[in-house]
Amino acid sequence: MQQSPVIILGIESSCDDTSASIIKDGKILANIIANQDVHEAYGGVVPELASRAHQQNIIPVVDKAIKHAGISKSDINAIAFTNGPGLMGSLLVGSSFSKAFALAMKIPLIEINHMQGHILAHFIDEENSAKPTFPFLCLTVSGGHTQIVKVTDYFTMEVLGETIDDAAGEAFDKVAKMLSLPYPGGPVLDKNAQLGNSNKYKFTHPKVPGLNYSFSGLKTSVLYFLKRELKLNPDFIKENLNDICASVQKTIVDILLIELKKAIKQTGINQIAIAGGVSANSELRKRLASFGAAYQVFIPKMEYCTDNAAMIAISGYYKFLQQDFTEQGIAPNARMKI
Ligand code: KG4
Ligand code: ZN
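Each chain has its residues counted from 1, following the order in which its sequence is written. Here chains are named by letter from A upward and ligands by number from 1 upward, in the order in which they appear as written. In keeping with the predicted nature of the model, local features appear solely for residues at pLDDT of at least 70, side-chain atom pairs appear and are counted solely at 80 or more, and the whole-chain, interface and lining totals rest on all residues. Note that the side-chain values use all heavy atoms of the structure and ignore hydrogens as well as water.

Asker: What exactly am I supposed to notice about the site of ligand 1 here?
Answerer: Taken together, 18 residues lie around ligand 1, and Gly-143, Asp-173, Asp-190, Asn-281 and Asp-307 are the ones closest in. Think of a polar contact as two N or O atoms within 3.5 Å of one another; within protein, one of them needs to be a possible hydrogen donor and the other a possible acceptor, and neighboring residues in sequence only count if both atoms come from side chains. Contacts to ligand 1 include Gly-277, whose backbone N or O atom sits 3.0 Å from an oxygen atom. In the model, a nitrogen atom of ligand 1 is placed 3.0 Å from a nitrogen or oxygen of the Asn-281 side chain. Throughout, the Shrake-Rupley method with a 1.4 Å probe supplies accessible areas, and for residues the shown protein chains are the sole cover considered. Its free accessible area being 550 Å², ligand 1 has 88% of it covered by the protein chains. Three classes are used, and their members are as follows: Ala, Val, Leu, Ile, Met, Phe, Trp, Tyr, Cys and Pro are nonpolar, Asp, Glu, Lys and Arg are charged, and the others, Gly among them, are polar. Within the shell around ligand 1, the residues separate by chemical class into four nonpolar, eleven polar and three charged. What counts as a domain boundary in this text is fixed by an automatic or database domain assignment. Here the shell around ligand 1 gathers at least three residues from each of two domains, domain 1 (7-125 + 307-321) and domain 2 (136-300). If a single non-hydrogen atom of a residue is within 4 Å of a molecule or strand, that residue counts as near it.

In structure tokens, the structure reads:
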């Protein structure tokens, strides 16, 4: 049974962004995202506040997506939603909404793994954008994950290495917090780093076996470095902010790329993609873009890097083609693995 066109509504609510997207035969018609400013005052996501904000946002966001796409509710063939990993209270809002929508509209329900969604964002049909072919390696770097994934097919993925403690995004956010930058820290640190000297300060690299990562040591060494310097000069951060940001950013990107290069060597796979919020990072994008002609590098469009429902809708589209549907009894899984 292959219908044409296939129209999927995607729902993302795993953390602090409420998003709905409409995709028609792989092309995005709408991708609406409501960010939650409520967390800014706390310097990080407060789970209970996130789920309350999702409840307020979900219906207006879906309504806006349907209007923006110029379709009617009855045109939708299936609804795909993030079922994990993420914050349980946040996941519950998106999954409950999706189940109710599927029941009311008598359409199939499709569950999506958020991290697979980040990777499959590369298959969104965009003009002038090449898509990776299988197999490829994907460095998935977000606020909660840092993984090197071997992608053999749309839903056949193997984690070759991952962080044993903090995620790369977490490292950006925690260092930004030490520097008193506003939340979320990653993009702000990146902006400052672009004006700084990345070779000014050196931080040590972790020693972790295999293709794994560790970022907790870097966080601690930046903390001690700042304490030491602030004792000598209380204005140290103010006077050297851009150089500190650039040096930390370079260290994080160096660490990410060392393991990625090892994975390329071990697998012999030369198609490389990046995914997840940290793939918006300017230094990471610049360094990957200059990898050389021996590699094919796929860097997502900015709007598909951080959390969005377009990546959930495209994943739903590929599950729809395989008629891979889920039951109403499904429960969110906050610790879902790839
Ligand atoms: O994928 P994402 O939107 O949410 C999760 O699933 O975690 O990733 C959010 C993470 C945050 O840690 C944020 O600071 C980081 O991505 N991030 C960045 C940049 N933009 C977002 N980190 C470094 N540079 C950026 N430009
Ligand atoms: Zn994410």
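After that view of the structure, there is still more to cover.
Asker: It is not clear to me how the nonpolar core should be interpreted in this structure. Could you clarify?
Answerer: Note that soluble globular proteins tend to have their nonpolar side chains buried in a common cluster. Ranked by size, the top nonpolar core spans 44 residues in total, and within it Leu-139, Leu-179, Phe-215, Ile-252, Leu-256, Leu-260 and Leu-284 carry the most contacts. Sorting the residues of this core by element identifies strand S6 (136-141), helix H4 (168-178), helix H5 (185-193), helix H6 (216-232), helix H7 (236-267), strand S9 (271-275) and helix H8 (282-289) as the ones contributing at least two each. Here this core gets 15 residues from one element, more than from any other, and that element is H7. Only heavy atoms matter for contacts: two residues are in contact if any of them lie within 4.5 Å across the pair. Excluding residues within four positions of it along the chain, Leu-260 makes contact with Leu-139, Ile-148, Tyr-213, Ile-272 and Leu-288. In this text, buried Ala, Val, Leu, Ile, Met, Phe, Trp, Tyr and Cys residues form a nonpolar core when linked through side-chain atoms within 4.5 Å. Think of it in three bands: with a 1.4 Å probe and only protein chains considered, a residue is buried below 20% of the maximum accessible area for its type, exposed above 50%, and partly exposed in between. Counting residues in hydrophobic clusters, the runner-up holds 29 residues, among them Phe-123, Ala-275, Tyr-304 and Met-311. Under the scheme used here, helices are H or I runs from DSSP no shorter than 4 residues and strands are E runs no shorter than 2 residues, and both carry numbers assigned from the N terminus.

Asker: How should helix H9 (residues 310-321) be read in this particular structure?
Answerer: Note that an α-helix has 3.6 residues per turn; residues three or four places apart therefore point the same way. Any helix carries an expected span of 1.5 Å times its number of residues minus one. Its twelve residues give H9 an end-to-end C-alpha distance of 17 Å, which sits within 8% of 16 Å, the value for a rise of 1.5 Å per residue. Where burial is concerned, most of H9 is hidden: eleven out of the twelve residues are buried. Among the residues making up H9, those that are buried are Ala-310, Met-311, Ile-312, Ala-313, Ile-314, Ser-315, Gly-316, Tyr-317, Tyr-318, Lys-319 and Phe-320. On its buried side, H9 packs onto strand S1 (7-12), strand S2 (17-24), strand S3 (27-35), strand S4 (78-84), strand S5 (109-113) and helix H3 (114-120). Residue Gln-323 follows H9 closely and has a positive phi angle near 55°.

Asker: Looking at this structure, how should I read the side chain of Ser-142?
Answerer: Mapped onto the elements of the fold, Ser-142 is located in the loop between S6 and strand S7 (146-153). From its side chain, Ser-142 meets the backbone nitrogen of Gly-144 in a polar contact 3.2 Å long. When near neighbours in sequence (up to four residues on either side) are disregarded, Ser-142 contacts Met-115, Ala-167, Ala-168, Gly-169, Glu-170, Gly-276, Gly-277 and Val-278.

Asker: Which parts of the structure should I look at to understand the environment of Ala-121?
Answerer: Relative to the assigned elements, Ala-121 resides in the loop between H3 and S6. Given the relative accessible area of 6%, Ala-121 is considered buried. Ala-121 has contacts with Tyr-304, Met-311 and Ile-314, leaving out every residue within four places of it along the chain.

Asker: Any chance you could explain the pattern of salt bridges here in plain terms?
Answerer: A side chain of one charge can pair with a side chain of the opposite charge if their charged atoms are brought near each other. Whenever a carboxyl oxygen of Asp or Glu lies within 4 Å of a side-chain nitrogen of Lys or Arg, that contact is scored as a salt bridge. Tallying each qualifying case throughout the model produces 16 salt bridges. Residue Asp-166 is joined to Lys-174 by a salt bridge in which the shortest nitrogen-to-oxygen separation is 3.6 Å. Relative accessible area serves as the criterion here: at 8%, Asp-166 is assigned to the buried category. Take Lys-174: its relative accessible area is 30%, and that puts it in the partly exposed class.

Asker: Whenever I open this one, the packing of aromatic side chains confuses me. Can you help?
Answerer: To describe a pair of aromatic rings, you give the distance between the ring centres and the angle between the ring planes. Aromatic pairing here means that ring centres of Phe, Tyr or Trp (its six-membered ring) are within 6.5 Å. Orientation follows from the plane angle: under 30 degrees is stacked, over 60 is edge-to-face, and everything else is tilted. Applying the stated criterion across every chain, the model contains 16 aromatic pairs. Ring geometry for Phe-123 versus Phe-136: centroids 6.2 Å apart, planes at 50°, classification tilted. Here the residue Phe-123 occupies a position in the loop between H3 and S6, and Phe-136 occupies one in strand S6, the gap between them amounting to 13 residues. Phe-136 carries the same exposure label as Phe-123, and that label is buried.

Asker: So what exactly am I meant to see when it comes to the coordination of the zinc ion (ligand 2) here?
Answerer: Tetrahedral coordination by four donors sets the ideal angle at the metal to 109.5 degrees; octahedral coordination by six donors sets it to 90 or 180 degrees. For the zinc ion (ligand 2), the protein coordination sphere consists of His-114 (NE2), His-118 (NE2) and Asp-307 (OD), at 2.0 to 2.1 Å. The sequence pattern formed by the donor residues of the zinc ion (ligand 2) is H-x3-H-x188-D. Pair noted here: His-114 and His-118 are both in helix H3, with a separation of four residues, about one helical turn. The same class applies to His-114 as to His-118, namely buried. In this analysis a donor is any N, O or S atom within 2.8 Å of a metal ion (3.2 Å for sodium, potassium and calcium), and since water is not included, sites may seem incomplete.

Asker: Even after reading the chapter, I still don't get the packing of H4 against H5, so can you show me in this structure?
Answerer: The packing of two helices is summarised by the inter-axis angle and the distance between the axes. Axes here mean lines fitted to C-alpha atoms, for a helix over just the part in contact, with angles spanning 0 to 180 degrees between N-to-C directions. Between H4 and H5, the least distance of the axes is 8 Å, while the angle of their chain directions is 70°. One element, H4, and the other, H5, form an angle in the roughly perpendicular class. Here Phe-172, Asp-173, Val-175 and Ala-176 of H4 come into contact with H5, specifically with Gly-185, Gly-186 and Leu-189. When the residues that make up the contact of H4 with H5 are grouped by side-chain class, the tally is four nonpolar, two polar and one charged. Comment on the angle field: the value is read as roughly parallel under 35 degrees, roughly antiparallel over 145, roughly perpendicular from 65 to 115, and oblique elsewhere.

Asker: Help me understand the domain arrangement of the protein chain in this model?
Answerer: When cut into domains, the protein chain gives domain 1 (7-125 + 307-321) and domain 2 (136-300). Between the C-alpha centres of domain 1 and domain 2 there is a distance of 27 Å. Across the boundary between the two partners, domain 1 contributes 18 residues, which contact 20 residues of domain 2. Here's the idea: put two parts together, see how much 1.4 Å probe accessible area each one loses, and the total over both is what we call buried area. Surface buried jointly by domain 1 and domain 2 totals about 1,600 Å² across both partners, of which 77% is contributed by carbon and sulfur atoms. Its largest share of buried area at the contact with domain 2, domain 1 owes to Met-115, Ile-119 and His-122, together 39% of the area lost on that side. Remark: the boundary between domain 1 and domain 2 carries zero salt bridges. The interface formed by domain 1 and domain 2 includes two residue pairs in polar contact (both at pLDDT 80 or more). Counting residues per element, the side of domain 1 that touches domain 2 draws most heavily on H3, at five residues. When grouped by side-chain class, the residues that make up the side of domain 1 that touches domain 2 number eight nonpolar, seven polar and three charged.

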